[in-house]
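# Structural features, examined
Residue-level listing of the chains:
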Amino acid sequence: MTDATPDDAPTPALVSLARAYGIATEYSSFSGEHVDVPATTLRAVLAAMGVVADDDAAAEQALAESIAEPWRRLVPASTVVRRGGGTIELHVADGNDVEVAIVLEDGSVRPLSIPAQQPVARTVDGRTRWRVRVPVPEDVPLGWHTVQVRQYGGEGDVHDSGALIVTPERLTPPPAEPGQRSWGLMAQLYSVRSRRSWGMGDFADLADLAAIAGESGADYLLINPVHAAEVTTPVEPSPYLPSSRRFLAPLYVRPELIREAAYLSESGLDRFHRLQRDAAAANTDAERIDRDAVWSAKREALALVHDVELSPARRAQRDAFARREGSALADFALWCALREHETETGDRLPDGIAIDDPAVGALREQLAERIAFHVWLQWIVDEQLGDAAAAAAAAGMRIGIMHDLAVGVSTTGSDAWSLRDLYAPGVVVGAPPDMYNQQGQNWNQPPWLPRALAEHAYAPLRDMLRSLLRHAGALRIDHILGFFRLWWIPEGLGPGEGTYVRYDHEAMIGVLALEAQRARAVIIGEDLGLVEPWVRDYLAERGILGTSVLWFESDDDGGPLPPERYRTDLLATVNTHDLPPTAGYLDGEHVALRARLGLLTRSVDDELADFERERDRMLAELRSRGLISDGASQQEVVEALHVFLAASPSRLLGVSLVDAVGEKRVQNQPGTDDEYPNWQVPLADADGRTVLLDDLASSPRYRSLLDAVERALRGRP
């Protein structure tokens, strides 16, 4: 966190320009300190948006251009409104008339009347233009429509069009029995293995875990993001740093469940079984998930299955999938094939080469077979994920699989390459310093350009959401604050030297709500960290649940917040994947680990003293409620914390699988890379022994915690 020095203080012209582009010129730190953003940071962020602001003259010219640009269009590229209201803004040249119509999704046309008004005028490029506001009729249905405008008169006919996106006012609450709330299991899928796994958890394991959790009373199963990762080794271990957020990871496919695997040749089947046996040997390794070994084995096995000819019916299904996904799937498969080609040949494409470059076009033809392989893979992924969702429904889950949407994508991934016009170059996303990450965070992800999203009518956001919601009953949005503002960090600066950039939250949340309502899905926005007070109220108004973590909730004197005072529209949990499991947290592992890794900015003694004070106040609160006695075991404390949380009015309660088996190791330590095996920790018990899915349902500790939650929430014996 760097405040502006007198030599680097922004001028009024630079401040005005930055604010016009939604760039924060000042903000409050997590400690309440006022911070003025240096001019160097503001210019770098503007440059990432394609705006030159080297001096005041350039800044003033850029500001004038920013103001004039919307007036040059007859109708905006996109207009997002809530059903029952909203207006469409037109910019009509002086001396002309205009007529407007909406083409609805079903193809029908609705002419619009323009009410009498006193329009605002502005001179742009030497011509007077008038801003005319056209109300959207209350009965226009939800959906993705088109506004068609014809200007006629002095300049002849001018036609223009833009998207009209009509969104719901509010989503409906999560399904539950009358007068009751729901709980669910939370798991890092890759860590949950069975004896049939190929070294890491997969979609077949997801189906089995859903069945086990559903039998225990769970209404949903929240898993880590399963976005597409690298297709060559090394495979990025973080599920929150994907190649693409629209497409999914074949790493989670169970190869033997593909129908064509039954028709392998004798030699192919022999090789397939050897690959399977070698990969499965790692299922009992309690130290680390080796994604590279898993993917190497699966990729070869999947290639064997792909070579089996599809039946006419199966071929028709694959082709229908490819048509539905369209050019975006073709471009993603191209990226996958290019990465393989570069790895195998060592012949790398030039940095920054565009997808429409002739050299890329030639490779698209040359690599047609591998492109077809990756299209097929996405079809298989979709099938197996659909099977897991069906298993959740069959197990009686009212919500089902809850997917997780990462904040962004890798700077070198498929989305950043094929959708490069949507991403800001020269900056990455992260988070400013806070209590738990005192040096700030660099997530190494390029941010979406706010104005480019609007120009593309939010279609990339829509398509991404549709892909994730196709087989989901709910979607958790990691860092939903990114729909409002993101922390941009210019290249060459530290995580604390960035600033916030605002997004059109009304448009982005509207698109999210529209797609969620169409999918009948529950939306949970992870709203931890530095949150402007009005944001949580806005999300609740739109029917989007927030999140609360027990350890982060405190009352005015710093003690545990009574659960009765939690918000209602909420997913409440005891812990989060960025903290150790509850057993580890109670041992102070989050302090010890950060001390070992050199991540503390205060002394270990001070950190431990604060933690022990926090823990002891929580234990005292549990004792005062009769939830534990003196000398309670760690397992008893973990269960009591969940019972304590169940006293909240929150609509959803989350139970982490690691808490149900006694695991102590954290999955992810923010602020680290190779220093800690982030996102590679297999599921193990309190003694460090591997916990396999096959043994989970009969685990006394698992049954005890989930039974305690069932009794607390639903009063069942």
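Residues numbered from 1 in each chain as written. Predicted model: local features only at pLDDT ≥ 70, side-chain atom pairs only at ≥ 80, totals over all residues. Heavy atoms only, no water.

Let's shift gears to helix α3 (residues 56-68). Over its 13 residues, α3 extends 18 Å from the first C-alpha to the last, a length consistent with the 18 Å expected when each residue adds 1.5 Å. Within the sequence span of α3, burial applies to Ala-58, Ala-59, Ala-62, Ser-66 and Ala-68. Where α3 is buried, its residues meet α1 (12-20), β7 (120-124) and α11 (450-455). N-cap assignment for α3: the residue whose side-chain oxygen lies 3.2 Å from the backbone N of Ala-57 is Asp-55. (Helix = DSSP H or I, 4+ residues; strand = E, 2+ residues; numbered from the N terminus. Expected span 1.5 Å × (residues − 1). Buried < 20%, exposed > 50% of the residue type's maximum accessible area, 1.4 Å probe, protein only. Contact = heavy atoms within 4.5 Å. Polar contact = N/O pair within 3.5 Å; in protein donor to acceptor, adjacent residues only side chain to side chain.)

Attention shifts here to the pairing of strand β21 (residues 522-525). Burial along β21 is two-sided: the residues Val-522 and Ile-524 and Ile-523 and Gly-525 are all buried. Direction of pairing for strand β18 (residues 474-477) relative to β21: parallel, over a ladder of four bridges. What sits directly across from Arg-476, in β21, is Ile-524. (Pairing = 2+ DSSP bridges.)

As a rule of thumb, soluble globular proteins bury nonpolar side chains together. The biggest cluster of nonpolar side chains holds 208 residues, and the ones touching the most others in it are Leu-90, Trp-376, Trp-488 and Leu-657. Element by element, the count of residues in this core is highest for helix α9 (residues 368-394), at twelve residues. In terms of nonpolar packing, the next biggest core, distinct from the first, is built from eleven residues, Met-186, Ile-399, Met-402 and Leu-545 among them. (Core = buried A, V, L, I, M, F, W, Y, C linked by side-chain atoms within 4.5 Å.)

Another point: helix α21 (residues 700-714). Between its first and last C-alpha atoms α21 spans 20 Å; for 15 residues at 1.5 Å apiece the expected length is 21 Å, and the two agree. For α21, every residue scored as buried is listed here: Arg-701, Tyr-702, Leu-705, Leu-706, Ala-708, Val-709, Glu-710, Leu-713 and Arg-714. Where α21 is buried, its residues contact β11 (182-187), α4 (203-215), α18 (634-646), β24 (652-656), α19 (657-661) and α20 (693-696). Looking one or two residues past α21, Gly-715 carries a phi angle of roughly 70°, positive in sign.

Interaxial distance between helix α13 (residues 505-519) and helix α14 (residues 533-541) falls to 12 Å at its minimum, and their mutual angle equals 35°. Judged by the sense of rotation from one axis to the other, the crossing of α13 with α14 is right-handed. In this structure, α13 contributes His-505, Glu-506 and Ile-509 to the contact, and α14 contributes Trp-534, Tyr-538 and Leu-539. Here the contact of α13 with α14 is built from residues that sort into four nonpolar, one polar and one charged. (Axes fitted to C-alpha atoms, helices over the stretch in contact; angles between N-to-C directions. Left-handed = near helix turned anticlockwise from the far one by under 90°. Nonpolar A, V, L, I, M, F, W, Y, C, P; charged D, E, K, R; others polar.)

With mixed pairing, five strands are arranged side by side in an open sheet as β3-β10-β9-β5-β6. The outermost strands of the open sheet, each flanked by one partner alone, are β3 (78-82) and β6 (109-112). Ignoring strand direction, the axes of neighbouring strands in this sheet form an average angle of 30°. Bridging between β3 and strand β10 (residues 158-167) involves five bridges; their strand directions are parallel. When the bridges of β10 are listed, Ser-78 appears paired with Ala-163.

A word on the packing of aromatic side chains. According to the stated counting rule, one finds 15 aromatic pairs in the structure shown. An angle of 90° between the planes, with centres 5.7 Å apart, marks the rings of Tyr-27 and Tyr-500 as edge-to-face. Of this pair, Tyr-27 sits in strand β1 (residues 26-28) while Tyr-500 is found in strand β20 (residues 499-502), placing the two residues 473 residues apart along the sequence. The pair Tyr-27 / Tyr-500 is uniform in exposure class, with both members buried. (Phe/Tyr/Trp six-rings, centres within 6.5 Å; stacked < 30°, edge-to-face > 60°.)

Now for the sheet that holds strand β22 (residues 546-549). Strand pairing within a sheet occurs via backbone hydrogen bonds; the two strands may be parallel or antiparallel. Pairing in this open sheet of eight strands is parallel, and the strands run β21-β18-β15-β12-β11-β24-β23-β22 from one edge to the other. In this open sheet, the two edge strands, each paired with only one partner strand, are β21 and β22. If you compare each strand with its neighbour and ignore which way they point, the axes differ by 25° on average. Sheet analysis places β11 next to strand β12 (residues 220-223), joined by four bridges and oriented parallel.

In this structure, Pro-234 follows Thr-233 across a cis peptide bond, with omega equal to 0°. Structurally, Pro-234 is set in the loop between β13 (227-228) and β14 (244-248). With a phi close to 55°, His-479 is a non-glycine residue in the positive phi region. Mapped onto the elements, His-479 comes out in the loop between β18 and β19 (485-490).

Per the counting criterion, the structure on display carries 66 salt bridges. The partner of Arg-254 in a salt bridge is Asp-202, and the shortest N-O contact between them spans 2.6 Å. Linking Arg-254 in the loop between β14 and α5 (266-280) with Asp-202 in the loop between β11 and α4, this pair joins segments that are 52 residues apart in sequence. One exposure class covers both Arg-254 and Asp-202, and it is buried. Among the ionic pairs, Glu-215 bridges to Arg-703, the shortest N-O distance being 3.3 Å. A residue pair is termed long-range when its members are at least 10 positions apart, and Glu-215 in helix α4 and Arg-703 in helix α21 qualify at 488 residues. (Salt bridge = Lys/Arg side-chain N within 4 Å of Asp/Glu carboxyl O.)

Viewed as axis vectors pointing N to C, helix α16 (residues 589-596) and helix α17 (residues 604-624) meet at an angle of 165°, and their least axial separation amounts to 10 Å. It follows that α16 is roughly antiparallel to α17 by the angle criterion. Between α16 and α17 lies a crossing of right-handed hand. On the side of α16, the interface is formed by His-590, Val-591, Arg-594 and Ala-595, while α17 contributes Val-604, Glu-607, Leu-608 and Phe-611. In the contact of α16 with α17, the residues fall into five nonpolar, one polar and two charged. (Parallel < 35°, antiparallel > 145°, perpendicular 65-115°, else oblique.)

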